[in-house]
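Here's the letter readout for the chains.
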Amino acid sequence: GTLLHADDVVIAAGAYSAGLVSTSLGEFCPLDTERGYHVAFQPGSEQRLSRAVTDPSLGWIATPMAGGLRVAGKVELGGVHAPASPARWSQIERETRAVIEGVGARVPASDWMGFRPTMPDSLPVIGRSRKLPCVFFAFGHQHVGWTLGGITGQLIAELVLGRQPSVDLAPYQLDRFRMW
């Protein structure tokens, strides 16, 4: 490995952040992962829809993409080490066929599962480590990591530069889960 020297460190490792925080810093971090599944259907299937649609009761979103239809969703808490549940991909396929007529063949090689880093109260962790003030946290954004990435980056930059954050970060401190 390579040894790097830094004045400040930001832990922004998504679903893998808990291991770094708990193991490396010894701070309690109850992060879990909402595992979401992705299924793709063959080219031409995207023509069945003119825009993304969702059925909240089924827990997925179907999105026409260049080269096929993407259906993604479902939620299960399972951590980062448990294997994917193949039954979820089959479930999404069955439900898609029941709701959207004329969908082409599923492309199993495109099946994948992703991790959505989630805190018990659904708020991200943004702030400074209690034990090591040169370590900053930026994780736990659930389904909206891409959406909140910009503002989180701005807030972390403000902290690292010693500026007053433009948002009150008290609700986002990891200490909110501290039991002692």
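Residues numbered from 1 in each chain as written. Predicted model: local features only at pLDDT ≥ 70, side-chain atom pairs only at ≥ 80, totals over all residues. Heavy atoms only, no water.

Enquirer: Break down the layout of surface pockets for me, with residues and values.
Expert: Think of a ball as big as a water molecule: rolled over the atoms, this probe shows where empty space is left. Of the voids in this model, the largest pocket is the one considered here, and its volume is about 680 Å³. Along the wall of the largest pocket there are 27 residues; nearest its centre are Arg116, Gln142, His143, Gly145 and Trp146. Those elements that place two or more of their residues in the lining of the largest pocket are strand E2 (32-41), strand E4 (60-65), strand E5 (68-77), strand E6 (112-118), strand E8 (135-139) and helix H3 (145-160). Tallied by class, the residues present in the lining of the largest pocket amount to twelve nonpolar, 13 polar and two charged. (1 Å grid on protein atoms, 1.4 Å probe; cavity = no way out; pocket = protein on both sides within 12 Å on 5 of 7 lines; lining within 4 Å. Points joined across faces, edges and corners; volume = space filled by probe spheres on them. Helix = DSSP H or I, 4+ residues; strand = E, 2+ residues; numbered from the N terminus. Nonpolar A, V, L, I, M, F, W, Y, C, P; charged D, E, K, R; others polar.)

Enquirer: Go over the sheet that holds E6 with me, naming the residues and quoting the values.
Expert: The strand order across the open sheet formed by five strands is E3-E4-E5-E2-E6, and the pairing between neighbours is antiparallel. One side of each edge strand has no neighbouring strand; the edge strands of this open sheet are strand E3 (53-55) and E6. Averaged over all adjacent pairs, the angle separating strand axes in this sheet is 25°, with direction ignored. Where E2 lies against E6, seven bridges are found, and the strand directions are antiparallel. Paired with tyrosine 37 across the strands is methionine 113, a residue of E6. Contacting E2, E4, E5 and E6, helix H2 (residues 86-99) crosses the sheet at an angle of about 130° to E5. (Pairing = 2+ DSSP bridges. Axes fitted to C-alpha atoms, helices over the stretch in contact; angles between N-to-C directions. Contact = heavy atoms within 4.5 Å.)

Enquirer: A description of the state of the cysteines should follow, citing residues and the corresponding values.
Expert: Every disulfide links exactly two cysteines, by a covalent bond between their sulfur atoms. Scanning the model with the defined rule gives zero disulfides in all. You can see cysteine 29 has no disulfide; the closest cysteine sulfur is in cysteine 134, sitting 17 Å from it. (Disulfide = S-S within 2.5 Å.)

Enquirer: How would you summarise the side chain of threonine 152 if you had to cite specific residues and measurements?
Expert: Tracing the backbone through its elements, the reader meets threonine 152 in helix H3. Apart from residues no more than four positions distant in its own chain, threonine 152 is found in contact with Ile126, Ala138 and His141.

Enquirer: Could you give an account of the sheet that holds strand E1 (residues 9-11), with specific residues and numbers?
Expert: Spatial ordering of the open sheet is given by E1-E8-E7, a layout of three strands whose pairing is mixed. Whereas interior strands pair on both sides, the edge strands pair on one side only; in this sheet they are E1 and strand E7 (125-128). Here the strands of the sheet are splayed against their neighbours by 15° on average, with no regard to which way each runs. Relative to E8, E1 is paired through three bridges, and the arrangement is parallel. By the bridge assignment, valine 9 is partnered in E8 with valine 135. Along the sheet, helix H1 (residues 17-25) contacts E1 and E8; its crossing angle with E8, the most-contacted strand, is approximately 155°.

Enquirer: Account for the packing of aromatic side chains, with residues named and values stated.
Expert: Taken as a whole and judged by the stated rule, the model has three aromatic pairs. Plain terms: the ring middles of tyrosine 37 and tryptophan 89 are 5.4 Å apart, the flat faces sit at 80° to each other, and that makes the pair edge-to-face. Of this pair, tyrosine 37 sits in strand E2 while tryptophan 89 sits in helix H2; the two residues are 52 residues apart in sequence, bridging distant segments of the chain. For the pair formed by tyrosine 37 and tryptophan 89, the shared burial category is buried. (Phe/Tyr/Trp six-rings, centres within 6.5 Å; stacked < 30°, edge-to-face > 60°. Buried < 20%, exposed > 50% of the residue type's maximum accessible area, 1.4 Å probe, protein only.)

Enquirer: Kindly report on H2, identifying the contributing residues and their values.
Expert: For H2, built from 14 residues, the straight-helix expectation of 20 Å at 1.5 Å per residue is met to within 8% by its first-to-last C-alpha distance of 21 Å. Buried residues in H2 make contact with E2, E4, E5 and E6. (Expected span 1.5 Å × (residues − 1).)

Enquirer: Give a description of the nonpolar core that names residues and reports values.
Expert: Within the largest apolar cluster, 14 residues are counted, with the highest numbers of intra-cluster contacts made by Phe41, Trp60, Ala62, Leu69, Val71, Ile92 and Ile100. Listed by contribution, the elements that provide at least two residues to this core are E2, E4, E5 and H2. Excluding residues within four positions of it along the chain, isoleucine 92 makes contact with Tyr37, Val39, Trp60, Val71, Gly73 and Lys74. Ile11, Leu31, Phe139 and Leu174 belong to the second largest nonpolar core, which has 13 residues in total. (Core = buried A, V, L, I, M, F, W, Y, C linked by side-chain atoms within 4.5 Å.)

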